[in-house]
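Observations on chain architecture
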Amino acid sequence: MQTEVNQALTFLRNGGVILYPTDTIWGIGCDATNPEAIDRVYSIKKRVERKALISLVFDKKQLEEITEIIPEIDITSNPTTIIY
């Protein structure tokens, strides 16, 4: 499985879009720091750009890279959902 994960990471780093399973549905994912990849996701989903997408982050440091406001809660010990 590590081979597949490494291939997916390489694909994402090159602007690719992937399909990944979640607990309830299949997700469409890309590198959220790549504007062209984000445009591909919007196109695939046939979604207007004014509607938000979900961003998954690994830790607080990664969250700080994509947003300015982080609530004063412990987001390090358990999986946490924050809606902006």
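Anything mentioned here points back to the structure above.
Source: prediction; values computed, not measured.

As for the overall build of the protein chain
Across its full length, the protein chain carries three helices and two strands. Ordering the α and β elements of the protein chain from the N terminus gives α-β-β-α-α. Reported as C-alpha extents along the three principal axes, the dimensions of the protein chain are approximately 35 × 35 × 25 Å. Within the protein chain, contacts between residues separated by at least 24 positions form 6% of all contacts whose residues are at least 6 apart in sequence. Carbon and sulfur atoms form 55% of the exposed surface of the protein chain, whose accessible area is close to 7300 Å². The distance from the centre of the 9 positive side-chain charges to the centre of the 12 negative ones in the protein chain is 9 Å.

Some remarks on the pattern of salt bridges
Side-chain pairing between opposite charges can occur once the charged atoms of the two side chains come close. As enumerated under the stated definition, the model contains one salt bridge in all. Taking the shortest distance from any N to any O, the salt bridge between E65 and K61 comes out at 4.0 Å. Placement of both E65 and K61 in helix α3 (residues 60–66) is noted, with a separation of four residues, approximately one turn of the helix. As far as the burial class goes, E65 and K61 line up, both exposed.

Quick word on the pairing of strand β2 (residues 26–29)
Residues G27 and G29 point to one face of β2 and are all buried, whereas W26 and I28, pointing to the other face, are not buried. Direction of pairing for strand β1 (residues 18–21) relative to β2: antiparallel, over a ladder of four bridges. Bridging from a neighbouring strand, L19 pairs with I28 of β2. Counting the residues in the hairpin turn of β1 and β2 gives four residues.

Basis of the calculations
Residues numbered from 1 in each chain as written. Predicted model: local features only at pLDDT ≥ 70, side-chain atom pairs only at ≥ 80, totals over all residues. Heavy atoms only, no water. Helix = DSSP H or I, 4+ residues; strand = E, 2+ residues; numbered from the N terminus. Contact = heavy atoms within 4.5 Å. Areas by Shrake-Rupley, 256 points an atom, 1.4 Å probe, with all protein chains shown as cover. Lys, Arg positive; Asp, Glu negative; His and termini not counted. Charge placed at Lys NZ, Arg CZ, Asp CG, Glu CD. Salt bridge = Lys/Arg side-chain N within 4 Å of Asp/Glu carboxyl O. Buried < 20%, exposed > 50% of the residue type's maximum accessible area, 1.4 Å probe, protein only. Pairing = 2+ DSSP bridges.

Limitation: the analysis is restricted to geometry and does not speak to function.
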